[in-house]
Amino acid sequence: MIFSTLEHILTHISFSIVSIVITLHFITLLGNETIKPYDSSEKGMIATFLCLTGLLMTRWIYSGHFPLSDLYESLIFLSWSFSLIHIVPYFKIRKNDLTTITASSTIFTQGFATSGLLNEIHKPTILVPALQSEWLIMHVSMMILSYAALLCGSLLSVALLVITFRKIFYSSKSNNLLNESFSFGEIQYKNERNKIFQKTSFFSDKNYYKAQFIQQLDYWSYRVISLGFIFLTIGILSGAVWANEAWGSYWSWDPKETWAFITWIVFAIYLHTRTKKNLQGANSAIVATLGFLIIWICYFGVNLLGIGLHSYGSFTLTYS
Amino acid sequence: METLLTLNPLKPQPHFFKYPNSRTYTPVTNNNNCRGLFCPVSCKLSSQPSKDTTKNKVVVPGAAPSLSEDNEPPAVVESRSKNTAGVVVRRLSKRVLSFLANLPLALGEMFTIAGLMALGTAIDQGEKPEYYFQKYPEDNPILGFFTWRWILTLGFDHMFSSPVFLGTLVLLAASLMACTYTTQIPMVKVARRWSFLHSANTIRKLEFSDSLPKASIQDLGVILSGSGYEVFLKGPSLYAFKGLAGRFAPIGVHIALLLIMGGGTYSAIGSFKGSVTVPQGLNFVMGDVLGPNGFLSTPTEAFNTEVHVNRFYMDYYDSGEVSQFHTDLSLFDIDGKEVMRKTISVNDPLRYEGVTIYQTDWSISALQILKDDEGPYNLAVAPLTVNGDKKLYGSFLPVGNADSTNVKGISMLLRDLQSVVLYDEEGKFAGVRRPNSKLPIEINGTKIEIVDAIGSSGLDMKTDPGVPIVYAGFGALMLTTCISYLSHTQIWALQDGTTVVVGGKTNRAKIEFPDEMNRVLDRVPEINEPSDVICG
């Protein structure tokens, strides 16, 4: 009884704090950048992190197993990972561009998890024999952490693409002569890809900051995705070793396994496109966007099928 | 990838890097670093257009890192041997190598593999051809052209062992090897070289650069080595680097991938596997169950071992759900001597001489009952198919004339080995009994006592020679992927009078680099007395 009320309280606290934080972030983005709301939003995210940690610990203690046995628990773990990714750079670099994205992701996953759609699986359940292994902790937590990091990085790339193409679209519209507009747009597009600043009168301060912002997004996206890639590798390989210990086959082309491998390949393609400078910028961002979609297929899409070795994560949408 | 350092055209060039895939410009430094009188300007222009990459080859002298001076890569020498066939082969292999090491080709292969795998999950695998005739009919093709002919001719019904898929994998492996040989290894050789920069202008043109107006280069060296850099001082110039392992690690990643692929191939062609359901008390011989998987599979001595299931039992939660199931196994060799005894459960297999026995499933084989105090009789139990994944087993005890057409009897249903539900001749619920409870039940005049429910153990057996190779590849991959996250940072500095000009670049951690450099430079002490410079 204590457990369920405690869990209830923690869930609702974290949900409300994150909504407040999101509103604050949007206010700072749209309005003036004042320090006060930013600082309190950071404190709010720390409070959310602590709440979610408390939630996971309570579930762990009460159910006796690590809280990662079904879809609901993995969603809570995912929002916890988002808040973790939000907090860690905060201690090294005070202000960064990740904040909006991680905060929004946390609230969306937390909201989805606690929403009425998945009500019947909120209660902690027992662990089936196949999941009673120490590998559960390593494999599933690594996979969820990697999903969180890769999703953040891909969202940053999506933001980069949006800003880049909005810029080109608007500046190619704002010119009078037809030839000039075409070549201007071309030059500007090339500039985006080469990131050279030319001292022409077409560029104002605003464009400079925007271009620098795009470069920042590019670098952040690269670093976060490479971190997520490491976690994904470890997660997939620990899953393979676990499968070999439990069923005798380290790879059985299960749909979930195959889609995780496809995700791994797509992000490997992303990392390789960044080795060549003329492919950087927009091209690698397109690959990362593709990766974003594939992660969702891997995480949710396969579970909807409900077949294969990973059927623990399947669920049915009921409207209660 | 590497930067081509922009060089001051007036001074003689101290060194000259040229790599395949060379980059031709430097990005902007942030302009918050005004120290003293110097405010580095934040504009850089591109210097050289990018050249065609496949023709340039880096030929690096020697193996150990050395101070490099003017270094022109010598021309690739064609062998003047009399054997023209050798020349042709070498030229051909060079062309093939450069074709395979092409990055867009490798990316295309990776995309193809990803696409084929996605298709493999969308199309149901391993079904009979009739299934595909029905699901992908010719008169109503998906996307206008996709019918069962596509699937069966291209082998998409067994996608993950089809020639198309395996061929692309082989091509990718070849590309991996070619890329490692032609691109990565030379890059590492070049990165290992260290070189000093003797011109302050060159240093200022680096990605990050700064000046310390009153400082000594020795202090900088000490602080850098305290921060984990390897520092080299030669006269007034300094070179420091950190994180060189981050350059080697991608080679390790490729090699680990090749190991995994090789191990996987060996598994696919040289392993044995089989599965069996053995009732408690019975036994089987390993060789009868294990079937070969490929053409390199050879049976070993261990295949003559006899496996005896001593006992099969299950654990339950308080709610009644199955928590774990165990089998007590004994292994006897060909002479009948017991060589091993172990109780296995899920996630805890038995390993003996290369053969591994896994507990994967369970079933109920028989029900032992006493009828009217006679017996015990063994009733066969059969699995019943029910919607969902809960198991249900049933048995039937005929009462009265067993040969008549309308046989009536007592039905017994079991979900697991805990309890039996009994129904009378009309199908009405009669009662629940636990095996071994010694409590009889009276149904329509017949006295039934459930003595025992005998389970059977579902075992999977496997022998796989490729597993050690694959595990080694896994470990190497995990380790090298982590290491390749490290960023290779290089710092150059020059003592220019009382000013120290510092510049650096890094290949991965570009965001944190200026902050890290600023923190390091903040710690360099400022020298106020001119005599301090002489003392060092």
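None of the values given here were measured: they were computed from a predicted structure. (Residues numbered from 1 in each chain as written. Chains lettered and ligands numbered in written order. Predicted model: local features only at pLDDT ≥ 70, side-chain atom pairs only at ≥ 80, totals over all residues. Heavy atoms only, no water.)

## Details of the pattern of salt bridges
Residue and element names in this part refer to chain B.
Piece 1. Summed over the entire model, instances satisfying the criterion amount to nine salt bridges over all chains.
Piece 2. Of the charged contacts, one joins lysine 242 and glutamate 516 as a salt bridge, the two residues approaching to 3.4 Å between their closest N and O atoms. In this pair, lysine 242 is assigned in strand S3 (residues 237-242) and glutamate 516 in helix H11 (residues 512-522), connecting sequence segments 274 residues apart.
Piece 3. On the accessibility criterion, lysine 242 (25% relative accessible area) is partly exposed.
Piece 4. For glutamate 516, a relative accessible area of 21% puts it in the partly exposed group.
Piece 5. A salt bridge links lysine 462 to aspartate 464; the nearest nitrogen and oxygen atoms lie 3.4 Å apart. (Salt bridge = Lys/Arg side-chain N within 4 Å of Asp/Glu carboxyl O. Helix = DSSP H or I, 4+ residues; strand = E, 2+ residues; numbered from the N terminus. Buried < 20%, exposed > 50% of the residue type's maximum accessible area, 1.4 Å probe, protein only.)

## Looking at the UniProt feature "transmembrane region" (unreviewed entry) in chain A
Piece 1. Here, UniProt's "transmembrane region" (unreviewed entry) annotation points to residues 12-32, 44-62, 138-163, 220-243, 258-273 and 285-309 of chain A.
Piece 2. Counted over residues 44-62 of chain A, helix gives 100% and strand 0%. Its end C-alpha atoms are 27 Å apart. (UniProt positions renumbered as here; feature names shortened; annotations may be inferred.)

## Things to note about the UniProt feature "transmembrane region" (unreviewed entry) in chain B
All names here are of chain B.
Piece 1. Under the local residue numbering, the UniProt record ascribes the feature "transmembrane region" (unreviewed entry) to residues 99-123, 164-183 and 248-269.
Piece 2. In residues 164-183, helix accounts for 100% and strand for 0%; the two terminal C-alpha atoms are 28 Å from one another.
Piece 3. Along residues 248-269, the helical share is 100% and the strand share 0%, with 32 Å between the first and last C-alpha atoms.

## Some details on a positive patch on the surface
Residue and element names in this part refer to chain B.
Piece 1. A grouping of Arg90, Arg91, Lys94 and Arg95 is seen on the molecular surface, where their side chains present a positively charged patch.
Piece 2. Within the element layout of this structure, arginine 91 appears in helix H1 (residues 84-100).
Piece 3. Overall, arginine 91 belongs to the partly exposed group, its relative accessible area being 49%. (Patch = residues over 30% accessible without salt bridge, like charges linked within 9 Å, V, L, I, M, F, W, Y side chains within 5 Å. Areas by Shrake-Rupley, 256 points an atom, 1.4 Å probe, with all protein chains shown as cover. Lys, Arg positive; Asp, Glu negative; His and termini not counted. Charge placed at Lys NZ, Arg CZ, Asp CG, Glu CD.)

## Section: the interface of chain B and chain A
Piece 1. Contacts between the two partners involve 58 residues from chain B and, on the opposite side, 52 residues from chain A.
Piece 2. Approximately 5,300 Å² of surface area, both sides summed, lies buried where chain B meets chain A, with 68% of it carried by carbon and sulfur atoms.
Piece 3. On the chain B side of the interface with chain A, the three residues burying the most area are Asn347(B), Tyr485(B) and Ile511(B), jointly 14% of the side's total.
Piece 4. Joining chain B to chain A, the criterion identifies one salt bridge.
Piece 5. The salt bridge involving Glu245(A) is made with Arg351(B); its shortest N-O contact spans 2.6 Å.
Piece 6. Counting across the interface, chain B meets chain A through nine residue pairs in polar contact (both at pLDDT 80 or more).
Piece 7. Per-element tally for the side of chain B that touches chain A: the top contributor is helix H2 (residues 103-122) of chain B, with ten residues.
Piece 8. Its residues assigned to classes, the side of chain B that touches chain A shows 33 nonpolar, 14 polar and eleven charged. (Contact = heavy atoms within 4.5 Å. Buried area = accessible area lost by both parts, 1.4 Å probe. Polar contact = N/O pair within 3.5 Å; in protein donor to acceptor, adjacent residues only side chain to side chain. Nonpolar A, V, L, I, M, F, W, Y, C, P; charged D, E, K, R; others polar.)

## Quick look at the sheet that holds strand S14 (residues 392-399) of chain B
Residue and element names in this part refer to chain B.
Piece 1. Taking strand neighbours across the sheet as the criterion, the five strands line up as S13-S14-S15-S16-S17 in an open arrangement whose pairing is antiparallel. Looking at the sheet topology across the chains shown, the edges are occupied by strand S13 (382-384) and strand S17 (429-433). On average, each strand axis in the sheet is tilted by 30 degrees relative to the strand beside it, whichever way the strands run.
Piece 2. The pairing of strand S15 (residues 408-414) with strand S16 (residues 420-423) spans four bridges and is antiparallel. Bridged to serine 411 within S16 is tyrosine 423. (Pairing = 2+ DSSP bridges. Axes fitted to C-alpha atoms, helices over the stretch in contact; angles between N-to-C directions.)

## Thoughts on unusual backbone geometry
All names here are of chain B.
Piece 1. At glutamate 353, a residue that is not glycine, the phi angle is positive and equals roughly 50 degrees.
Piece 2. One non-glycine residue, asparagine 436, lies in positive phi territory at about 70 degrees.
Piece 3. With respect to the helices and strands, the residue asparagine 436 is situated in the loop between S17 and strand S18 (441-443).

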